[in-house]
Amino acid sequence: MLNKTSVATTGIICVGLGPGDPELMSIKADRLVRGARHVAFFRKKGRPGKARQLVEGMLSGQAAEYPMEYPVTTEIPVDSPAYVQQLAQFYDDWCLRLAELARQEQVIVLCEGDPFLYGSFMHLYTRLRARGDVDLQVVPGIPGMVGCWHATGEPITWGDDVLSVMTGTLSEDELVRRMDTADALVVMKVGRNLPRIRRALARAGRADAAWLVQNGTTDQQLVARLSDVGDEVCPYFAIVLVHGQGRRPEAAW
Ligand SMILES: C[C@@]1(CC(=O)O)C2=NC(=C\c3[nH]c(c(CCC(=O)O)c3CC(=O)O)Cc3[nH]c(c(CC(=O)O)c3CCC(=O)O)/C=C3\N/C(=C\2)[C@@H](CCC(=O)O)[C@]3(C)CC(=O)O)/[C@H]1CCC(=O)O
Ligand SMILES: C[S@@+](CC[C@H](N)C(=O)[O-])C[C@H]1O[C@@H](n2cnc3c(N)ncnc32)[C@H](O)[C@@H]1O
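This structure is a prediction, so every number in the text was calculated from the model and none was measured. (Residues numbered from 1 in each chain as written. Chains lettered and ligands numbered in written order. Predicted model: local features only at pLDDT ≥ 70, side-chain atom pairs only at ≥ 80, totals over all residues. Heavy atoms only, no water.)

Novice: When you look at the sheet that holds strand β4 (residues 106-111) in this model, what are you seeing that I'm missing?
Specialist: Where strands meet in a sheet, backbone hydrogen bonds hold them as pairs that are either parallel or antiparallel. Here 5 strands make up an open sheet; going across it, the order is β3-β2-β4-β1-β5 and the pairing parallel. Each edge of the sheet is formed by a strand with only one pairing partner; in this case those strands are β3 (64-69) and β5 (136-139). Averaged over neighbouring strand pairs, the angle between their axes works out to 20° when direction is ignored. In this structure, strand β1 (residues 11-16) lies alongside β5, joined through 4 bridges in parallel fashion. Its bridge partner being in β5, Val 15 is matched across the sheet by Val 139. Taken strand by strand, helix α1 (residues 27-35) contacts β1, β4 and β5, and its axis lies near 130° from that of β1. Sitting on the sheet, helix α4 (residues 121-131) is in contact with β1, β2 (38-43), β3, β4 and β5, with an inclination near 155° to β5. (Pairing = 2+ DSSP bridges. Helix = DSSP H or I, 4+ residues; strand = E, 2+ residues; numbered from the N terminus. Axes fitted to C-alpha atoms, helices over the stretch in contact; angles between N-to-C directions. Contact = heavy atoms within 4.5 Å.)

Structure follows, in structure tokens:
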């Protein structure tokens, strides 16, 4: 059954871990991670993986780990045939491998934030669902952007504010178009796209109100007004946001 963590001893459960602070993990996620015998997670080659780092100290000594390493991330263009072919093959292979394992054992897949918000597990989920031979469950998590707007200490939306969530991988013109119609806005996938995001914010007249949050809610959290930071190397795990200023009854004092 979808989205209900039953007591099944086989199948795959993808667990949303929240934005980075382990205390922002759900009780369900905590229970599943601590009890896991088989733990799979995505990571960039040569890196520990954000999701894996988040559960450091929580896994049992018996847990077998399955790092799923992206064949490429930023090395080749995302719309090149080679990227599409390599990623499709990567998801196909891991889908097969996890499905085989999950017929005998329960497999926990770790996901930073919420699995259904730009999460890699979605690519396994749709493949596994199409096969129809594995019990699949997904546990929601607090998305990274929620942790990031809390890190700024300011509410994100008021009254009729429309919150627009966009990605820094869009073209500058497309970013400006989306920013022009947004009240509150969140730009995900910042990293090397920061200079373009900054130019788009300036064209949309939102640059002065923008914040940059790197590694929100983690020990490496950095929160700054965007105007106070330069375009020096910015991590992929960063969010640019602008708070809404919608209608509200003002305090009389
Ligand atoms: C190519 C590119 C395009 C794009 O983002 O659109 C892209 N990832 C890029 C960069 C990048 N990715 C990662 C790092 C290292 C981070 C670090 O370690 O510091 C870096 C930075 C770097 O390499 O420098 C690791 C990573 N990636 C995802 C997660 C979360 C998760 O797995 O849930 C994690 C953390 C895993 C962990 O550690 O826990 C998820 C996704 N990344 C995808 C694509 C999609 C899957 C691929 C596909 O099917 O196409 C998906 C599912 C998003 C989606 O589909 O929306 C983009 C270039 C952007 C640009 O142009 O600048
Ligand atoms: C591939 S998406 C995965 C999103 C994740 N599933 C979620 O629910 O937040 C990765 C992007 O999420 C954003 N992100 C997630 N967690 C973050 C955090 N703790 N601090 C800053 N940005 C974060 C970054 O913009 C990053 O580029």
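Novice: Explanation requested: the packing of aromatic side chains in the structure shown.
Specialist: The geometry of an aromatic ring pair is captured by two quantities: the separation of the ring centres and the angle between the planes. This model, assessed by the stated rule, comprises 8 aromatic pairs. Summarising the aromatic geometry, the rings of Tyr 70 and Phe 90 are spaced 5.7 Å apart at their centres and angled 45° between planes, so their arrangement reads as tilted. A residue pair is termed long-range when its members are at least 10 positions apart, and Tyr 70 in the loop between β3 and α3 (81-102) and Phe 90 in helix α3 qualify at 20 residues. According to the relative accessible area criterion, Tyr 70 is buried, its value standing at 18%. (Phe/Tyr/Trp six-rings, centres within 6.5 Å; stacked < 30°, edge-to-face > 60°. Buried < 20%, exposed > 50% of the residue type's maximum accessible area, 1.4 Å probe, protein only.)

Novice: What is the right way to look at the sheet that holds strand β6 (residues 163-167) in this model?
Specialist: Spatial strand order, β6-β7-β10-β8-β9: 5 strands in an open sheet with mixed pairing. Lying at the two open borders of the sheet, with one neighbouring strand each, are β6 and β9 (222-225). Neighbour-to-neighbour, the strand axes of the sheet open up by a mean angle of 20°, direction not taken into account.

Novice: Hey, could you run me through the state of the cysteines in this one?
Specialist: Simply put, the disulfide is a covalent bond whose two ends are the sulfur atoms of two cysteines. Tallied over the full model, the rule gives 0 disulfides. Distance from the sulfur of Cys 14, which forms no disulfide, to the nearest cysteine sulfur (Cys 111) is 4.9 Å. (Disulfide = S-S within 2.5 Å.)

Novice: Please explain the site of ligand 1 as it appears in this structure.
Specialist: Surrounding ligand 1, one finds 24 residues, the nearest of these being Lys 44, Lys 50, Thr 73, Tyr 83 and Ser 120. Tyr 91 is positioned with one of its side-chain polar atoms (N or O) 2.7 Å from an oxygen atom of ligand 1. Between an oxygen atom of ligand 1 and a side-chain N or O atom of Lys 189, the distance comes to 2.7 Å. In isolation ligand 1 has 1,100 Å² of accessible area, and contact with the protein removes 84% of it. Mapped onto the shell around ligand 1, the elements with two or more residues apiece are α2 (50-54) and α3. Per element, the largest residue contribution to the shell around ligand 1 is 3 residues, and it comes from α3. A class-by-class count of the residues in the shell around ligand 1 yields 11 nonpolar, 8 polar and 5 charged. (Near = heavy atom within 4 Å. Polar contact = N/O pair within 3.5 Å; in protein donor to acceptor, adjacent residues only side chain to side chain. Areas by Shrake-Rupley, 256 points an atom, 1.4 Å probe, with all protein chains shown as cover. Nonpolar A, V, L, I, M, F, W, Y, C, P; charged D, E, K, R; others polar.)

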